[in-house]
Amino acid sequence: MTARPKPKLHDKFAPGTPTVKVTQLEAAIRQLVQAIEMFFFDKDPVSIHSLTRNAEEILSTILETKGLKSMWTTMIEAVKPERQEEFRKMVDGARTAFKHRVIDEGEMIEMPLEMNDLFLFIGTHAVHTNWPDIYKLNPELALFEGWYIVHHPGALSDSSPGAPMVKKIASSPALQTLTKQDFYHEFYEIVRAALK
């Protein structure tokens, strides 16, 4: 007697049930874009964090399979060696608590909100650097990078292409006073057109 093949998950639903097919890279980009949209419109920071870190994990794994440094490794290496373990614990605390089994459902988790900014920037920059064609198709990525640089001008190294011009633009008081929503509405179409 031969064993029957195990049914696929979608076979358990009614015939003709719609499905979606995406690559892991597409899934990571979609999560990152959704997290950025949520960020600009002040949606739930826990959901933003989870989406961003899921995307980071997928993108890092893809980079590692190509023999490149993961986003996580690159970030850790930017921290002074004597502070790396402290940084790792601070950054991974919320991720571990949100992703893994519950040990104490009443335990409070403290998550620095700027971690979302940092991981969104790292994710957008990784896509910009490693998948420029995909970056151009998703203006949210460039829009977030622009917002981040306006609010964290020191994040852009002086050797980055166009750094002096970008830093000069980013120092504009008018840009720094825009709310996130206003920044999104003001620049989304401009960024989208520029990426074409």
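Structure shown above.
Summary of the structure given here. (Residues numbered from 1 in each chain as written. Predicted model: local features only at pLDDT ≥ 70, side-chain atom pairs only at ≥ 80, totals over all residues. Heavy atoms only, no water.)

Comments concerning the packing of helix α2 (residues 45–65) against helix α5 (residues 114–130)
Where α2 contacts α5, the two axes come as close as 9 Å, and the packing angle between them is 35°. Judged by the sense of rotation from one axis to the other, the crossing of α2 with α5 is left-handed. Side by side, α2 and α5 meet where Pro45, Ile48, His49, Thr52, Arg53, Glu56, Leu59 and Leu63 of the first sit next to Asn116, Phe119, Leu120, Gly123, Val127 and Asn130 of the second. A class-by-class count of the residues in the contact of α2 with α5 yields 7 nonpolar, 5 polar and 2 charged. (Axes fitted to C-alpha atoms, helices over the stretch in contact; angles between N-to-C directions. Helix = DSSP H or I, 4+ residues; strand = E, 2+ residues; numbered from the N terminus. Left-handed = near helix turned anticlockwise from the far one by under 90°. Contact = heavy atoms within 4.5 Å. Nonpolar A, V, L, I, M, F, W, Y, C, P; charged D, E, K, R; others polar.)

As for helix α10 (residues 180–195)
The principal kink in α10, of about 45°, is found at Phe187. For α10, the complete set of buried residues consists of Phe183, Tyr184, Tyr188, Val191 and Leu195. In this structure, the buried residues of α10 make contact with α1 (24–40), α6 (132–137), α7 (139–151) and α9 (173–176). (Bend = angle between axes of the 7 residues up to and from the residue. Buried < 20%, exposed > 50% of the residue type's maximum accessible area, 1.4 Å probe, protein only.)

Details of the environment of Glu57
Residue position: Glu57 is located in helix α2. Each C-alpha atom of the pair Glu57 and Met71 lies 8.4 Å from the other, and the pair is 14 residues apart in sequence.

Quick notes on the packing of aromatic side chains
Taken as a whole, this structure holds 12 aromatic pairs when the rule is applied. Aromatic side chains Phe40 and Phe183 sit 6.3 Å apart centroid to centroid with 5° between the ring planes, which places their arrangement in the stacked category. Of this pair, Phe40 sits in helix α1 while Phe183 sits in helix α10; the two residues are 143 residues apart in sequence, bridging distant segments of the chain. Judged by relative accessible area, which is 0%, Phe40 ranks as buried. With centroids separated by 5.5 Å and ring planes inclined at 55°, the aromatic side chains of Phe40 and Tyr184 adopt a geometry described as tilted. Note that Phe40 is positioned in helix α1 and Tyr184 in helix α10, a separation of 144 residues in sequence. Pairwise contacts between aromatic rings join Phe39, Phe40, Phe41, Phe121, Phe144, Trp147, Tyr148, Phe183, Tyr184, Phe187 and Tyr188 into one cluster. (Phe/Tyr/Trp six-rings, centres within 6.5 Å; stacked < 30°, edge-to-face > 60°.)

Some thoughts on the packing of α7 against α10
In the contact formed by α7 and α10, the axes pass within 9 Å of each other and the chain directions differ by 125°. The pairing of α7 with α10 is recorded here as oblique in orientation. Of the two possible hands of crossing, α7 and α10 adopt the one that is right-handed. Counting all contacts with α7, which are made through Pro139, Glu140, Ala142, Leu143, Gly146, Trp147 and Val150, the residues of α10 involved are Lys180, Phe183, Tyr184, Phe187, Tyr188, Val191, Arg192 and Leu195. When its residues are assigned to classes, the contact of α7 with α10 shows 11 nonpolar, 1 polar and 3 charged. (Parallel < 35°, antiparallel > 145°, perpendicular 65-115°, else oblique.)

Focus: the environment of Arg53
Of note, Arg53 is situated in helix α2. For the pair Arg53 and Leu120, spaced 67 residues apart in sequence, the C-alpha separation works out to 8.7 Å.

Comments concerning the pattern of salt bridges
Under the defined criterion, the tally for this structure stands at 3 salt bridges. Linking Glu189 and Arg192 is a salt bridge whose minimum nitrogen-to-oxygen distance equals 2.7 Å. Within this pair, Glu189 and its partner Arg192 are both found in helix α10, separated by 3 residues, close to a single helical turn. The exposure class of Glu189 is partly exposed, given its relative accessible area of 45%. According to the relative accessible area criterion, Arg192 is partly exposed, its value standing at 33%. (Salt bridge = Lys/Arg side-chain N within 4 Å of Asp/Glu carboxyl O.)

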